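A closer look at the structure
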Amino acid sequence: MNSSEVKKWLYLHTWTGLVAGMALFIAFYAGSLTVFFHELEVWDSYRLDPVMEQSYDDAQILFDRVIQQDPLAKPNMRLYPSRPGHPENIVRWYERLENGNYEPHEYRLSEETRLNDAVDNAHLASFIYRLHYTAGLPSSFGIYALGIICLIYGMALVSGVLIFIPNFLKDLFIVRGGRNKKRFWLDAHNVVGVLSLPWHIMFAWSSVVLCIGVFFLMPFQFLVFDEDVQKIFGAELGRAPSLNASGDSASVLPVAEIIRVANKSAPGISPTQLRYTNVGDRNGMVVVYGTVDSSTLSTNANVSMNSVTGEVLHVSHPESASPGATFYNGLIALHYVSFGGLVAKWIYFLLGLLGAFMFYTGNLLWIETRRKRRQFQQPKWSLFLARLNSGVCIGCMAGISIAFLVSRAFSEFENRGELTELAYFLVFFGAIVWSYIRPVALGTRDLLFVCALGTGLIPVFDGVFIDLPIWLSLAKGDWILFLVDALAVVGSIIFWQMGRGVAKRARSSDRNSVWSYPVDSADESAVIRKPTFG
């Protein structure tokens, strides 16, 4: 590949990275945390008076009382049986409002077996997950915007590989330190990008499929098939067609019997959700979703049946899926790391953080490349991007840490979820504003110290608000709480050291660098007018 072709690919890589980089930083940082989605739910829902694990008999009582008290739930309701980490049975259904939004309704059984209709206010895990697939944009279009960004992300990956190929063997494992910071960030960017390339390709691909894959089916819907494409591919992907209501009433099978039928059709299934439609109708239907042991990457299975007769309508099992469905489900399993247990989760957690690092360093490279070493005044676009990069990326990390604190401090408030989201966005946008008020180096240093403080306070808040300091959670064997608090301590130390590193560089860096402490315009003549390598 000649130099002109490399320049073309470098141009493409640069601008695709700039367009997608900051949104992908948020997606990857939030995604690395939601690898431990279940653990975050347990941490956020921790109670001083733990609930005893409920049985299928309790689930039946809950189901019957919801139907009796709230008949509007009959057309479409969901029963979530208790499982490790989630000891309560829960019934949910969603009411469609006139404005097109959905209002959730949620029911549990109290210890006195009374119906409790208070909606769970622990939303931290689901909020961070929403940041992962929307980058903080409104959900109505954020998921589609991120899908387009992931297409651009794929272009950046391809162009980045083509740029790196000429020096592949020479530069693969080299990270050169010293005063040439551009060279250091380029080496770090290349090492992280190339060594984790297969993982990034999988994520770009699966993210496009999940976010905007439906739009790729539209040409087939209108030009190839005469009927609904979802009806054709639905069964392949484990979605059985629903039954039309008959209008004749009939009794629904007991919960335990439905799960027994599901286990007979999909041996070993561990149910996570029973999704009912047309409850009490002769053509009522229930789909039992759960997980099974499988020799494939996917462990998800479901059994659809008539909820009155128990007639099995459809079984979706990874061992009997078609090659196309196996490939698709495997791709989704790779995205959601629903395989490999804790070992795979830790690997994904580290890769997610490294991915966020790669996007951040990509923007740093753009800034360093356009730095004017012979003049004090730097290009406005370099200053603009340096400030925006720090505000968005570090603001996201600070906002998530503060969201942890608010969710813990306001755990008794009904609007806890709204307060948690409000805290994140106030910190996020406040960080962006702060990065434009302060010089780049000072603003970046300040925001990293805020990250360190907010993250370090997480175990403190656990000690204050739930009376469980980190040493006590270790002694009691509350491993999830201990894990979250221990990671918070480690993260706080890392953020603090990063802040100190920025401050150190600001003191020793070239006076004409955006990362140096500001000087008065009168001192501009003191700037050395020859090329340097800082």
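Numbering of residues starts from 1 in every chain and runs along the sequence as written. Reporting in this predicted model follows two pLDDT cut-offs: at least 70 for local features of residues, and 80 or more for side-chain atom pairs to be given and counted; totals over whole chains, interfaces and linings ignore these cut-offs and use all residues. Just so you know, side-chain values use all the structure's heavy atoms and leave hydrogens and water out.

1. Here's the deal with the overall build of the protein chain
The condition is simple: The way it works is that DSSP assigns letters per residue, a run of H or I at least four long becomes a helix, a run of E at least two long becomes a strand, and they are numbered from the N terminus. Only protein chains enter the calculation, and the probe is 1.4 Å; a residue is then buried if its accessible area is under 20% of its type maximum, exposed if over 50%, and partly exposed in between. In what follows, residue pairs with any heavy atoms lying within 4.5 Å of each other are defined as contacts.
For the protein chain, the helix and strand inventory stands at 17 helices and 8 strands. Here the protein chain, with 534 residues, has 44% of them falling under the buried criterion. Intrachain contacts of the protein chain at a sequence separation of at least 6 include 66% that bridge at least 24 residues.

2. Brief notes about a nonpolar patch on the surface
How we decide: Each patch is built from residues that are more than 30% exposed by relative accessible area and take part in no salt bridge. Like charges join if they lie within 9 Å; nonpolar side chains (Val, Leu, Ile, Met, Phe, Trp, Tyr) join within 5 Å. Using a 1.4 Å probe, accessible areas were evaluated by the Shrake-Rupley method; residue-level cover was limited to the displayed protein chains. Whenever Lys or Arg places a side-chain nitrogen within 4 Å of a carboxyl oxygen from Asp or Glu, that contact is recorded as a salt bridge.
A grouping of Leu137, Phe141, Tyr144, Val214, Phe215 and Met218 is seen on the molecular surface, where their side chains present a nonpolar patch of about 530 Å² in accessible area. Of all the secondary structure elements, the ones that give two or more residues to the nonpolar patch are α5 (139-164) and α8 (197-223). As for its position among the elements, Leu137 is in the loop between α4 (124-134) and α5. Leu137 gets classed as partly exposed once you look at its relative accessible area, which sits at 35%.

3. What to know about the packing of helix α2 (residues 37-44) against α4
What counts, and what does not: Axis geometry follows a simple rule: fit a line to the C-alpha atoms, using only the stretch in contact for helices, then measure angles between N-to-C directions, giving values from 0 to 180 degrees. Oblique is the label for any angle not under 35 degrees, not over 145, and not in the 65 to 115 range, which are roughly parallel, roughly antiparallel and roughly perpendicular in turn. Polarity classes work like this: nonpolar for Ala, Val, Leu, Ile, Met, Phe, Trp, Tyr, Cys and Pro, charged for Asp, Glu, Lys and Arg, and polar for all others, with Gly in that last group.
Between α2 and α4, the least distance of the axes is 8 Å, while the angle of their chain directions is 140°. Here α4 runs oblique to α2, going by the angle between their axes. Contact residues: α2 offers Phe37, Leu40, Glu41, Trp43 and Asp44, while α4 offers Leu124, Ala125, Ser126, Ile128 and Tyr129. Looking at the contact of α2 with α4 residue by residue, the classes come out as 7 nonpolar, 1 polar and 2 charged.

4. Section: the pairing of strand β2 (residues 90-96)
Definition in use: Here a strand pair is declared whenever DSSP counts at least two bridges between the two strands.
Sheet topology note: the strand β1 (residues 76-80)/β2 ladder contains 3 bridges and is antiparallel. Across the sheet, residue Leu79 finds its bridge partner in β2, namely Val91. Where β2 meets strand β3 (residues 102-109), 6 bridges bridge the pair, whose relative direction is antiparallel. Among the inter-strand pairings, Glu95 is bridged to a residue of β3, identified as Glu103. In this antiparallel pair of consecutive strands, β2 and β3, the connection spans 5 residues, and Gly100 shows a positive phi of 95°.

5. Looking at the sheet that holds strand β5 (residues 270-277)
Spatial ordering of the open sheet is given by β4-β3-β2-β1-β5-β6-β7-β8, a layout of 8 strands whose pairing is antiparallel. This sheet does not close on itself; its edge strands, each paired only once, are β4 (115-116) and β8 (312-316). Of the strand pairs in this sheet, β1 and β5 are connected by 4 bridges, and their pairing is antiparallel. Considered in β5, the bridge of Asn76 is made with Thr277. Against the sheet, helix α3 (residues 56-69) makes contact with β1, β2, β3, β4 and β5, and its axis sits at roughly 130° relative to β3, the strand it touches most.

6. Considering the nonpolar core
To keep it simple, the criterion reads: Buried Ala, Val, Leu, Ile, Met, Phe, Trp, Tyr and Cys residues that are joined via side-chain atoms within 4.5 Å together make up what is termed a nonpolar core.
Judged by nonpolar contacts, the single largest core of 79 residues is most densely connected at Leu24, Tyr29, Ile128, Tyr153, Ile400, Phe404 and Tyr424. Leaving out residues up to four positions away in the same chain, Tyr153 has contacts with Leu24, Phe28, His200, Phe203, Ala204 and Phe359. Core analysis: the second largest hydrophobic core is formed by 29 residues, Val66, Ala266, Val292 and Ala301 among them.

7. Structural notes on unusual backbone geometry
Even without glycine at this site, Val337 takes up a positive phi of about 45°. Turning to its location among the elements, Val337 is positioned in the loop between α11 (323-336) and α12 (341-369). What makes Val337 buried here is its relative accessible area of 6%. Unlike most non-glycine residues, Asp467 shows phi in positive territory, near 55°.

8. Things to note about helix α10 (residues 255-265)
Heads up, the condition is: Here the arc refers to the set of directions running from the helix axis out to each C-beta atom.
Along α10, the residues that are buried comprise Val255, Ile258, Ile259, Val261 and Ala262. Relative to the axis of α10, the buried residues are bounded by an arc of 160° and lie together on one face. Of the surrounding elements, those touching the buried residues of α10 are α3, β1, β5, β6 (285-291), β7 (300-306) and β8.

9. Focus: the pairing of β7
One face of the sheet, then the other: side chains in a regular strand alternate in exactly this way. For β7, the tally of buried residues reaches 6 of 7 residues, placing the bulk of the element in the interior. In terms of strand pairing, β6 meets β7 through 7 bridges, oriented antiparallel. Across the sheet, Thr291 pairs through a bridge with Asn300, a residue of β7. In this sheet, β8 lies alongside β7 in antiparallel orientation, the contact comprising 4 bridges. Of the residues in β8, the one forming a bridge with Val303 is Val315. As consecutive antiparallel partners, β7 and β8 are separated by 5 residues, and within that stretch Gly310 has a phi angle of approximately 80°, a positive value.

10. A look at the environment of Ser270
By the secondary structure assignment, Ser270 is in strand β5. You can call Ser270 partly exposed: its relative accessible area is 38%. For Ser270, the residues in contact, after removing those within four places along its chain, are Tyr289, Gly290 and Thr291.

11. A short note on the pattern of salt bridges
Summed over all chains, the structure comprises 11 salt bridges. Here Arg108 ties to Glu88 by a salt bridge, and the two come within 3.1 Å at their closest N and O atoms. In this pair, Arg108 is assigned in strand β3 and Glu88 in the loop between β1 and β2, connecting sequence segments 20 residues apart. Judged by its relative accessible area of 8%, Arg108 falls in the buried class. Of the charged contacts, one joins Asp462 and Arg408 as a salt bridge, the two residues approaching to 2.7 Å between their closest N and O atoms. Taken together, the positions of Asp462 in helix α15 (residues 440-465) and Arg408 in helix α13 (residues 380-409) put the pair 54 residues apart, joining distant regions of the chain. It is possible to trace a salt-bridge network through shared partners that takes in Glu88, Arg92, Glu106 and Arg108.

12. Examining the confidence of the model for the protein chain
We count it as follows: Note: pLDDT gives the predictor's confidence per residue, expressed from 0 to 100.
Chain-level pLDDT for the protein chain is 83 on average; 83% of the residues reach the 70-or-more range. Per-element averaging of pLDDT across the protein chain places helix α6 (residues 168-171) at the bottom with 58 and helix α14 (residues 416-437) at the top with 95. Of the regions scoring below 50 in pLDDT, residues 520-534 engages in 26 contacts with residues more than four places distant in sequence or in other chains.

13. Things to note about the side chain of Gln60
Quick reminder of the rule: Contacts described as polar in this section are N or O atom pairs within 3.5 Å, which, within protein, must combine one atom able to donate a hydrogen with one able to accept it, while residues neighboring in sequence count only if both atoms come from side chains.
Inspection of the secondary structure puts Gln60 in helix α3. In this structure the side chain of Gln60 is engaged in a polar contact, spanning 2.6 Å, whose partner is the backbone nitrogen of Val255. Excluding anything up to four places from it in sequence, Gln60 contacts Pro254 and Val255.

14. Section: the state of the cysteines
Rules: We call a pair of cysteine sulfur atoms a disulfide when they lie within 2.5 Å.
Per the stated rule, a full pass over the model turns up 0 disulfides. Cys393 provides the cysteine sulfur closest to Cys396, a residue in no disulfide bond, and the two sulfurs are 7.7 Å apart. On the basis of relative accessible area, Cys396 is assigned to the buried category, the value being 0%.

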